[in-house]
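The chain contents come next:
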Amino acid sequence: LLLGFAPRGVLAQAVGTSPAPTIQEPAVSAEALEAIQKQAADSADLDEATKQKIDDAVSQALDSLKRIANTGAQAEQYKTETDRIQQRVDELKQKLSQLQNSKPTVPTGLSLAELEQEVGKREVELAELKTALAKLEAEPTVRAARRREIRNLLLTATQRLADVQQQLDAAAPEDEPPLLTAARRAELEVRRRLIEAELPTLQNELAKYDAEDAVD
């Protein structure tokens, strides 16, 4: 039997009963996907090309499930970072002011070797500061590119969802093996869930970049 998820009628076809269109399809799970993948691999009725299509669809769906699991935490992380941006800016300004107003001190009573070690330490600190500064100076350009990408994803989300739904609503080809139908539709269902789950994350990420630009 096909486990966990199958398009309407596929389970019925597999066991030789009539379809029951009033029964709602269960949510796709990793266990159900792996069961489909194993059934396909063990099947003597499928050619290698069909098995590969099933494996590709299941692998894509499993990857999307992992991404869905991470979206909630990512959305919350972006929101938290946005809330802390002004606090970080204030802290950096305070540190900068302290550095500007402090007077450099030269250690006394050190040997030549110890002085050389101290110089080396300061040179490392200077290099780290220069690297951090270069990264900060490059961030506006990086944010601008990512912002364009996010806005495009947000603008196209409705159409992408409609495209997926259209494929889910379409009848399976008559000659398509039930396991391939199940894998293909499972991947579509998980893809739809991923698009929906990513929207809050994208919105929070965009808000974070807008906040960072506001304080640059």
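Residues numbered from 1 in each chain as written. Predicted model: local features only at pLDDT ≥ 70, side-chain atom pairs only at ≥ 80, totals over all residues. Heavy atoms only, no water.

1. A closer look at the overall build of the chain
Point 1. Of regular secondary structure, the chain possesses five helices and zero strands.
Point 2. When its helices and strands are written in sequence order, the chain yields α-α-α-α-α.
Point 3. Put simply, the chain has 216 residues, and 27% of those count as buried.
Point 4. Across the chain, every contact between residues at least 6 apart in sequence was considered, and the portion connecting residues at least 24 apart equals 75%. (Helix = DSSP H or I, 4+ residues; strand = E, 2+ residues; numbered from the N terminus. Buried < 20%, exposed > 50% of the residue type's maximum accessible area, 1.4 Å probe, protein only. Contact = heavy atoms within 4.5 Å.)

2. Things to note about the side chain of Glu 189
Point 1. Residue position: Glu 189 is located in helix H5 (residues 178–215).
Point 2. Accessibility expressed as a relative area gives 15% for Glu 189, which makes it buried.
Point 3. Filtering out sequence-adjacent residues up to four positions away, Glu 189 remains in contact with Val 28 and Leu 168.

3. Some points on the pattern of salt bridges
Point 1. Counting across every chain of the model gives seven salt bridges.
Point 2. Measuring nitrogen to oxygen at the nearest pair gives 2.9 Å for the salt bridge that ties Glu 205 to Arg 146. On the criterion of sequence distance, the pair formed by Glu 205 in helix H5 and Arg 146 in helix H4 (residues 112–169) is long-range, its members being 59 residues apart.
Point 3. When its relative accessible area of 4% is taken as the criterion, Glu 205 is described as buried.
Point 4. Several salt bridges converge on common partners, so that one network encompasses Arg 146, Glu 149 and Glu 205. (Salt bridge = Lys/Arg side-chain N within 4 Å of Asp/Glu carboxyl O.)

4. Here we look at the side chain of Ser 64
Point 1. In this structure, Ser 64 sits in helix H3 (residues 48–101).
Point 2. Relative accessible area serves as the criterion here: at 2%, Ser 64 is assigned to the buried category.

5. A closer look at helix H2 (residues 30–42)
Point 1. Along its 13 residues, H2 runs 18 Å from first to last C-alpha, staying within 8% of the 18 Å computed at 1.5 Å per residue.
Point 2. Residues of H2 that are buried: Ala 32, Leu 33, Ala 35, Ile 36 and Ala 40. For H2, the arc enclosing every buried residue in end-on projection is 160°, short of the 170-degree limit, so these residues lie on one face. Opposite the packed face of H2, turned more than 90 degrees from it, sit the exposed residues Glu 31, Lys 38 and Asp 42. (Expected span 1.5 Å × (residues − 1). Arc of directions from axis to C-beta.)

6. A word on the environment of Thr 201
Point 1. With respect to the helices, strands and loops of the structure, Thr 201 is situated in helix H5.
Point 2. Here Thr 201 falls in the buried class, since its relative accessible area comes to 7%.
Point 3. Along the primary structure Thr 201 and Thr 71 are separated by 130 residues, whereas in three dimensions their C-alpha atoms are 6.2 Å apart.
Point 4. Aside from chain neighbours lying at most four places away, what touches Thr 201 is Thr 71, Gln 74, Ala 75 and Tyr 78.
Point 5. Within the local environment of Thr 201, its side chain forms a polar contact with the backbone oxygen of Thr 71, the two atoms lying 3.0 Å apart. (Polar contact = N/O pair within 3.5 Å; in protein donor to acceptor, adjacent residues only side chain to side chain.)

7. Comments concerning the nonpolar core
Point 1. The biggest cluster of nonpolar side chains holds 19 residues, and the ones touching the most others in it are Leu 33, Ile 36, Ile 54, Val 58, Leu 179, Ala 183 and Val 190.
Point 2. Discounting residues that sit within four places of it in the chain, Leu 33 has contacts with Val 28, Val 58, Ala 61, Leu 62, Leu 65 and Ala 186.
Point 3. The next biggest cluster of nonpolar side chains, apart from the first, holds five residues, and it includes Val 164, Leu 168, Leu 188 and Ile 195. (Core = buried A, V, L, I, M, F, W, Y, C linked by side-chain atoms within 4.5 Å.)

8. Re the environment of Asp 169
Point 1. On the secondary structure map, Asp 169 appears in helix H4.
Point 2. What makes Asp 169 exposed here is its relative accessible area of 58%.
Point 3. Remark: the alpha-carbon pair of Asp 169 and Arg 185, spanning 16 residues in sequence, is separated by 9.8 Å.

9. Observations concerning the confidence of the model for the chain
Point 1. Averaged over every residue, the pLDDT of the chain is 78; the share at 70 or more is 73%.
Point 2. Confidence, expressed as mean pLDDT per element, reaches its minimum in the chain at helix H1 (residues 10–15) with 34 and its maximum at H2 with 93.
Point 3. Across residues 1–26, confidence stays below pLDDT 50; counting only partners more than four residues off in sequence or on other chains, it has 40 contacts. (pLDDT = per-residue confidence, 0-100.)

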